Each structure stands twice: as C-alpha cells, then as structure tokens.
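Here's the letter readout for the chains.
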Amino acid sequence: MAIQSLLQYMGSSLLLFLAASLAALLYFVTSLKKSVCSLPPGPRPLPLIGNLNVVDLKKPFQSLTEVGSDLSKIYGNVFTVHFGPRKAVVLAGYETIKDALLNHAEEFGERAEIPIFREMTQGNGIAFSHGELWKTMRRFTLSTLRDFGMGKRTIEIRILEEVNSLIKYFESYHGKPFDTKMILNSAVSNVICSVLFGERFEYDDPVFLTLLKLMNENTKLLGSPMVLVRAKSCQGLMQRCNRENTLFLQQFISAWTAQENVEELRPEMSGHGTRDQQCDLRQQCMFKMPINSKTSLPPQLYNFYPSLGFLSGASRTVLQNVSELTAFLQKLFQAHKEEFNENNLTGFVDAFLMKQQQVSKKGQAMFSNGNLMFSTLDLFAAGTETTSTTMRWGLLLMMKYPEIQRKIQEEMNHVIEPGEMPKLEDRKKMPYTDAVIHEIQRFANIVPMGVSRSTPTDVNFQNYVIPKGTEIIPLLTSALNDELHWKTPDQFNPSHFLDANGNFIRREAFIPFSIGRRACVGEGLAKMELFLFFAGLLRKFVFQPPPGVDKADLDLTADVGFTLNPMPHLVCAVPYEWWSMQYLFRYSTNLNKDRVLVAIAESKQKASWQKLNSATAFLLLLAPPNQIIAKKIMSFLISFISDPTLISLLCAAVLLAVVYFSTGYKNSAFKFPPGPTPLPIIGNLHLVDIRRQDKSLMKLAEKYGPIYTLHFGFQKVVVLTGYEVVREALVNYTEEFVDRPSIPIFDQIQNGNGLFFSIGELWRTTRRFTVSSMRNLGMGKKTIEGRIFEELHFLIEMIKSFKGEPFSLTSFNCAPINVTFVMLFGERFEYKDPTFITLLRLIDEVMILLGSPYLNYFNFYPFLGFLFKTHKIMLGKIEDVRAILRQYMKASREDINENSVRSYIDALIFKQQEEKNKKDSLFHDDNLMASILDLVMAGTETIATTLQWAILLMMKYPEIQKKVQEEIGRTIKAGSWATYEDRKNMPFTNAVLHEVQRFITLLPHVPRCTAVDTHFRGYFLPKGIIVIPSLTSVLLDKTQWETPHQFNPNHFLDAEGNFVKKGAFLPFSTGRRNCIGESLAKMELFVFFVGLLQTFTFQPQPGVSESDLDLTVPQTTFTLRPQPQATCAILRE
C-alpha cells in the first residue's frame, strides 16, 4: 500500500528518481564490500538512504552527539556514517579531533568535495580550494591581512570607529525594542569591507543591505535540510511507514516534492516581489504546499545526491544568489582596477591586483580573476556571518543572565577610565569579560560540525584505515561540550574560563575556530572584533528583554542554518549611564555611600559622602547621562568640596534661589499663570521627559489648565495647550506673541540672523524677501509643480531599482529634499552625488543632535557649557554645511545679474549687491548665510519626514492604501499623473494626507516669546517671557478630534465623504510665524504621495506583519521621525 500511494503522487519524475536510485544503490553496495572491513565502525547503512534514517537532517550534529542518539557512545569517538551514498568518518571528542587535525595535520588537511560548494566556487578561493592552490591563497591571504592591520593597532582603530557608529544606531531607539540581526551584520561586515575594499558602507545603503540579505539567505539555505513545505498527499503514506524510518521519509519526501515549480504552486511568489520576499514566503510556508509532480531537492540532500541536481531548485537559488554577489563584486573590482595605484593600496583587493600583475609576467595562473572573486567572497561571508551571529548570541545571553551582564559592567568600571571605551589592551585586565566572551563562543557553538575535511591519501588513524578521499567530519560541538573538559557543558557558565582566584585561563578544548592547517584565517580579527564590539556595547548599554517578556521566556534554541543563529528576538538597549545611576541610588540605602560615590565618579581618590552637601548631591543626580561629563563633574566637585570659600558661595546661591522661587510670585503685582512649584536649581525638570516634552506638557495641562507656568531650570516658561488657547494667542494676539526667545544653541549658530530665530525688523525684512523670492521661483505655481513631477520620475526609477526588495524609508528623503535644493541652488542633484550625500548626512546628524537631551541641558544651563560636548559637535557639523553653502554663494557672485536669478541664493546675492551702498542694509553676509542655512535644514527635514510617515502608515493600514489607489484609479486617467489641482476631486486621498500630518505631530512646538508686556486670558505675561504653543496639544485636542490618538482619515470627511477643513489642523503653526513653505510642502506631499501610490503598493518587509510596525514611539530628533524601518514597493499593473 505504501508503494502504491507513493506511485500515485509522484508522477513521471519517479522513473528518473528510480533510475538514479538504482545507480546509487549499485555504487553503494560495491563500495561497501570494498571498504567496510577497514573503515571505523558505525550503524549499518540501508540501501539508498544509508544512515539517514537515524539522522535528524535539521540538526545532524545532535543526532551524532546527543544522549539517546549519541553514536559516539555506541561506536566510539571515530565512527562511520553514510549520508545516502556519501561515506563520512566522524571525529568526536576533543582528544580525537586534536589527534587528527594537529598530530595528523597533513593527512586530514584537505577540504571535502561538497557538491554545492564545488558548483559555487569552481574550486577557487580559500575555504573550498585544494592542494597547492589552497596553500598559495591561504599564505597570501594571511600575509595580506596582517599587512592591513589584522592583530595590530590600525585595525583596532577601524573597529572602534565602527563600534561608535553602531552605538549611535542603538541610541536612536532610545531603549525601545528592535531586531539586531541586520545592524550587527552591517557593522561587523563593515570591518571586513574596510580591509577588503578600503571603505565602509552606510547602514542604510540599499546595495549593501541587498548583499547582506543575499548572504543571509544562502546561510539559511545551505544549512537547511529541507524546503519548508508539506506533502499533504503523502501524510497517509508516512503514517504507514515503518517507525524506524519515519523521520527520514518525512524529511526526504517533503523535501523531494517541493520548490521546483513554486511559481505554479504559489502565484504570489511568481513575478511579484523580490527573491528575498520569495525566500521568506518559502520559509513561512512550512508544511503548507501540496505535492507537485515536478520535484526539488534542498541543498543538503543535493549534496548527498548530486546526480539528482536537475531536481534541485533550492541549490539553484543559492547559485543565483552567488551570481548576484559576484556581479556586484565584479563592479567593485573594475573600479579598483581603474583607480589602481601600487603606491596606495587600499585593501586586500588592491594587493591581489598587484600580485596578479606581478605573477602574470611569470605565466602563473593561481592569481586568477576567479580566485580574486572567491577569496574576496570567502572573506566577506565568513568575516560577517560568524562574528555577527556570535554577537547576537552574546546580547541574548546577557538579557537571559542580567547578573552576568552586571558583573561585566562592574569590571569595566574598575578598569576603564570614565568616558573611555574599552581597548584591546584592556582585555588582559578584564578576566571576567574575557571569560564571558569565550563562554559565549563555546555555548553558542555556531559551527557545530565544522567544515568537512578529507584525506588526501590513505590514512592509518587509531587502528583504522581511512581511504583517500573520505569525507571527515570534525564534530566541533563534541569538543565544545566534552564532559571531560567542561564542568557543566550544557550550561552557560563563564567559570569554565576562570580559576579559583578569578583569573582567566585558556582551555585547550576551546576550538570554535577549528584547529590545524584549515583553522579560520580570520581568527585573530574575529577575536578583536568580539571583544571590542561586545565590551563597547556593554559599556554604553544595559540589554534587557522587551516589555512584557521575562528573561525566563527568552529562547536559547538555535535557528538552524549553515551557522546556528539565535531565534528571532528583540532587544532593548537602555543607556547604561541612566540605568546605573538609577540602580545605584535606588538601592543606595543598602550600599556604603563611599562605594556609591566612587562607582559613579570612577575616581581614584576616596571622596567622603559626608563632605557633600545636599545641593552637590542633587547636582550629581542631575548629571547628564554621559560618563565623560560625569568625570568632569566629579573632578570639579572633589576639588570644590575641599574649598570652604566656594562651598559658602554655593550655599548662598542655593539660598537665594530658594528665596526667589518661594517668594517670587507672592511679591508679584500681577497674576501669573499657575503651575507646579519649582525646586531649587532644577525648577520643574523632574516632571518633564526631556526626550518627549510634548507628552509631558499635555499631561501637566490636565492638572494646571490650558495655560500654566513651568520652570526649565532657571528659565520661566508659559505653556499654551489646546486649540482654542493656541489659536487665540497666535492669531488674535499675533503681534504680542511674534518674537522668538533667546535659545543658547541657536544663538551660537545664527547669532540672531536668518528666518526662524531672528526678531524685529531683521526678521520682518528677511521673511518678506524670502516669501517674495520663493514665489518668483515658482512656489505654489505650475513651474514648481513641473519640477516636482520631474523629481517624482527619478524617485520612482530609484524605487524600481530595488525590484521589490526591502529598502529603508529614509530612501524617500532624496526627492523632496531635491525639490528644496532646486529652489535654493537652482539645480537638482543626482542621488549619488557626493555633495548631495554629504548634505543629507550632515542634515540628518544635526537633526539628531538637536533632539539630544544633552543639548536641552545646555539650553537650560548654558553657563555649564564646558561640561557638555554635544553643542560643540553640532556646531562643527553646521560649519561643514556652511562650507558647502559658501561655494554656491561664491559661484553665484561670480555670475549674477538680474536676468539670471535662478535660485534663492542668486536672489539673496542680487539683493545684497543692490543694497551694497546702503549703510544699514540687512542683507549682509551673516544674514544671507543664516537664511540659506535655515531653509536647508527646516525646508528639507519636515517634508521628507512626513513622506516617510505617510508610506509607513499605508503599510500599517493596507485597507486605507487600497481605498486611496481605488480613488486614484477613478479620478486619474491611465498614463497620467495626478496634479495638485486634482486633490479637489480626491476627497479621501486629501483626507488621508491631512490625517497623516495631524497624527504624526511632526514638530511638537517651536518656542515664541512676548514682544511686549501682555495681558492674556486674565494673566500677565511680561515682555520677553518664553511661550510654548503646544501644536501637539492642538492636533490631539479631544474637543476637536473624535479619535485623536488613532489614525482616522474620517476626521477630514463629512457623512457624504466630502473633504472638510478643520480649524484645529495646524501642523504648519499659525499666525505671523507660520511656515513660509506651507504651500510648497502641501503640493509636494500630494504629488509625491499620489504618484507613488499610483505606481506601487507598499508592504512591510518579509517576516514583518502590519501589527509589528511601530507607530507609538517615534524617533526623537528635532522633529518626530518614524523608527528606522523598511518597506517593499510592489509594482502595480
């Protein structure tokens, strides 16, 4: 019956299968007779399948080592297994592996012939080459890697630079959950890329991300024993199979009956989306597809049965991925060849090219293009996957065992100076950290079976004769879990690498990089990376599970691939300074005060807690979360508390502050808005979340009313909340609330010049001129709409180039920013233009710094500027932007006349020349530069960020996206673009765009100040008082919006579906200080949004559902950006 069922479902392919099976059987039987007597013992093989009936193909290493199926316990530490017709000798236990790979290094020094790798590399490269070619390539590679810094200070500097970039990325999540896989891949890969190519890639570089995804897919496929499908039709057959062979038959038949014609089985995987998406779909479709008569083998079974290669769709996917990787590398090689300079070698590729030129004259063929390609690819893949996977295991284990994480950080606090990052030289002084890193590698066991070797000759080994060409499997997992060498092999236990005194000890059974002649060539680099990345991250962050996930729930089961990865998980990276301060002081009642102080100060001097008065202790609690700052503060305080005169002055200042705060209002002749009682020095900062001030301000309004007073340190501020109050102030009292306050950071940047932070006649004149010039350049007219359509075309072409594969939301920034640049500079930039890329990077970095808590502290306490560095870093970035702007101003001055005003810069220069003889002209160089700078920053960030949010919300709510596309289809003719005028006929789309701007509350507030003494709603506000009109409170006002905290386009639609304007829609503010680019922004948003949805449907990346998209916690910069996320743009028919 079983045979009948099998025949019923396997169609014509069975004949081919049986023919191949017969050939394999004949080969197997004859070879068995010849060699069984001399080989090590092992389980008796069955015809055709060998020992696959006793091996779990998902985790063969467990079948070979785990209790209950541990073949080494039955047959000894050297035994034979048959994977189908492939014969392999397994080496188990450290002593056996050491004996083979070290004492018999030559005899076990070849690489096994593995069909899939032979197809991939054609015998080229380092990892899978043989004989003299391998020796030459390995020797050259080791020498070159050393030349370019492996094991030296030069590569350490590169790693530390990458650690800093990675830390910035982690910080961008502000302690919220995120997946570390791609970012750790990127960071680690950048180190090897700098060695190979002499350059690194940006983390959001689409080409770089594509390469990493191709590599990740191959890693998964190469270790996968089966294509994840279900042969529903064979369930009955499997249930009737002999129980001994059930496991094999389930795996083999399921794998054999899948994937070849996935396009026929799953239409959504055929011609739609990228191969990344298709691969992800295949993985998600585990045991969900019916049998198809056209069959396929996964890579692992393909390696066992290479004669059936014509059935293997999975192996073809692997080879196609390799083809794409090599195509990219070929372009890089060509660029290196064109720029080659033997006196300036940038990396491994250049060194290989030089060697290629040298040996070509001698007629040697080893340094061929094929060897260049696969040596580079070997290093790129191995240098990325293994280290990044180990890092992911490390962070997961730190979340699982927080007490171990805490001990590492305590050790670093004792060894490393405050504000410093761990360096390689610190490793010797950090035995516990070193032990933890070694234990992570042992416990993670990421390459459990090593990479197969083979015997180049007949070998006599431990009383057995192993024939030439036999595959050898050194079970590294058996060494890393050898009970003879590890006290608790199945537990994560850093004590494995520590003696009784806590000193680090080396363990000979620690061989994660293998040993002998084929040991990993990058072992030295990997060890450096692991220490610097791991210690650097733990220096800056405490890693915790996401909210709602207990450490006991963290799964340490491995996700099987070519390497063993941790299961998908999220990580919360909480800044260590905040956590440690909170931890120390929360439990300070149980700690010796001297120890707490010394731990925070990292001082070598014993400072007495009793010497600190209460004000000094309070300042310590308020210290910004940065250890460099903490070091400066404590150095100052320790010297301060030893000087009685200075202590007396401080006490007097604190007393005056207390008197001022407690009596200031009582003595006032006028009524000031109510508010919380301020504390000395900090005012009400303890009530405000510095990163999300808008939320704190709304919460306080519930208690103190829509107008109240707040103290940011010594600064007194009046807060206006709710639509009615904000509108009344900014519209009915527009002259009274028209000025900007003095904000320290903007004072240093603009010195009172420009559009946004100037006041009085300078502001009025500059604003008037700017509005007029922008209109002359087309703002709000058909001319600029044409420019927007042109940019839309370039944006669409760029998105098409991703071919449906995931790309970062930040990619949308290029188009709206370019429209602004057209008006500013008179020309657009190519998206890969170095100046354009530099400007985008600088704008991004400035916006991030503007949202930094450190910068807020500087604005609150500018006299403490010597303790902060964020504002200094930002001023440096601003100066870099100015340097670029000066070049454009210079070019404009050299070629300006009234008939050639093509840009805002031209208009400013022309106006300046017109008034050059005017004594008090406001169009001086400082004001020109400041005005251009304002538009470069604000005119790019707001529109670009809103477009990102719009696409993210369409992914989150696909039903809304579909309705927009349906309305577009009804309104816009096929082949035409929607114009801004068409919005009147597209009420739902118009409503969606307005709701996007309302919902995201992009710019929570920009402070104003009173230009004169003002009486407002029964309160007296003196001239110069800072006023915060909370736009967030307007856009989320419960009295104006039915569901303020939900994304609901119906907010802008009446019962009949007509668009309705809402007075409380104030994302551009209102009154005389409203956004001057409002009309341009509205036109851009409509044209880009509609054009993109005409062309594409936007979906989350594979593996991410709509519910996984996070809208609740925006990334806090100067504006509220969405968290870094990716989208897939599926081309519409």
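Note: the structure precedes this text.
Here goes a summary of the coordinates provided.

### Notes on the nonpolar core
F812, F821, F825 and L1092 are the most contacted members of the largest nonpolar core, which totals 149 residues. L1092 has contacts with L792, L795, I796, I799, F812, L947, I951 and F1098, leaving out every residue within four places of it along the chain. L160, M373, L476 and M528 belong to the second-largest nonpolar core, a separate cluster that totals 127 residues.

### Points about the pairing of strand β8 (residues 471-474)
Residue alternation in β8 divides its side chains into two sets, E471 and I473 and I472 and P474, and both sets are buried. With four bridges joining them, strand β2 (residues 86-91) and β8 adopt parallel strand pairing. For L91, the partnering residue across the bridge sits in β8 and is P474. Note that strand β5 (residues 453-454) and β8 share two bridges and pair antiparallel.

### Examining the packing of aromatic side chains
Evaluated as defined, the whole model comprises 52 aromatic pairs. Ring centres of F497 and F504 lie 6.2 Å apart, and the angle between their planes is 5°; this geometry places the pair in the stacked category. Between the NZ or CZ atom of R427 and the centre of the ring of F531, over which it lies, the distance is 5.8 Å. R442 extends its terminal NZ or CZ atom over the ring of W486, reaching a point 5.3 Å from the ring centre.

### Re the environment of D204
Position of D204 among the secondary structure elements: in the loop between α9 (181-197) and α10 (206-223). Through-space distance from the C-alpha of D204 to that of S186 is 9.1 Å; in sequence the pair is 18 residues apart. The contact partners of D204, leaving out residues within four places of it in the chain, are L209, S808 and T810. A polar contact is formed between the side chain of D204 and the side chain of T810, at a distance of 3.4 Å.

### So, the environment of S514
As for its position among the elements, S514 is in the loop between α21 (476-480) and α22 (523-540). Expressed as a C-alpha distance, the spacing of S514 and P474, which sit 40 residues apart in the sequence, is 8.6 Å. Not counting chain neighbours up to four residues away, the residues in contact with S514 comprise L101, R453, L476 and A519. Reaching out from S514, the side chain makes a polar contact with the side chain of R453 at a distance of 3.2 Å.

### Quick word on the pairing of strand β14 (residues 715-720)
Direction of pairing for strand β13 (residues 707-712) relative to β14: antiparallel, over a ladder of six bridges. Opposite Y708, over in β14, you have V719 as the bridge partner. Where β13 folds back on β14, the antiparallel hairpin that results is connected by two residues, among which G713 adopts a positive phi of roughly 65°. Here β14 runs beside strand β19 (residues 1026-1029); their pairing, made up of four bridges, is parallel.

Procedures and definitions
- Residues numbered from 1 in each chain as written.
- Predicted model: local features only at pLDDT ≥ 70, side-chain atom pairs only at ≥ 80, totals over all residues.
- Heavy atoms only, no water.
- Core = buried A, V, L, I, M, F, W, Y, C linked by side-chain atoms within 4.5 Å.
- Buried < 20%, exposed > 50% of the residue type's maximum accessible area, 1.4 Å probe, protein only.
- Contact = heavy atoms within 4.5 Å.
- Helix = DSSP H or I, 4+ residues; strand = E, 2+ residues; numbered from the N terminus.
- Pairing = 2+ DSSP bridges.
- Phe/Tyr/Trp six-rings, centres within 6.5 Å; stacked < 30°, edge-to-face > 60°.
- Lys NZ or Arg CZ within 6 Å of the ring centre and 35° of its normal.
- Polar contact = N/O pair within 3.5 Å; in protein donor to acceptor, adjacent residues only side chain to side chain.

In short, geometric facts, not functional conclusions.
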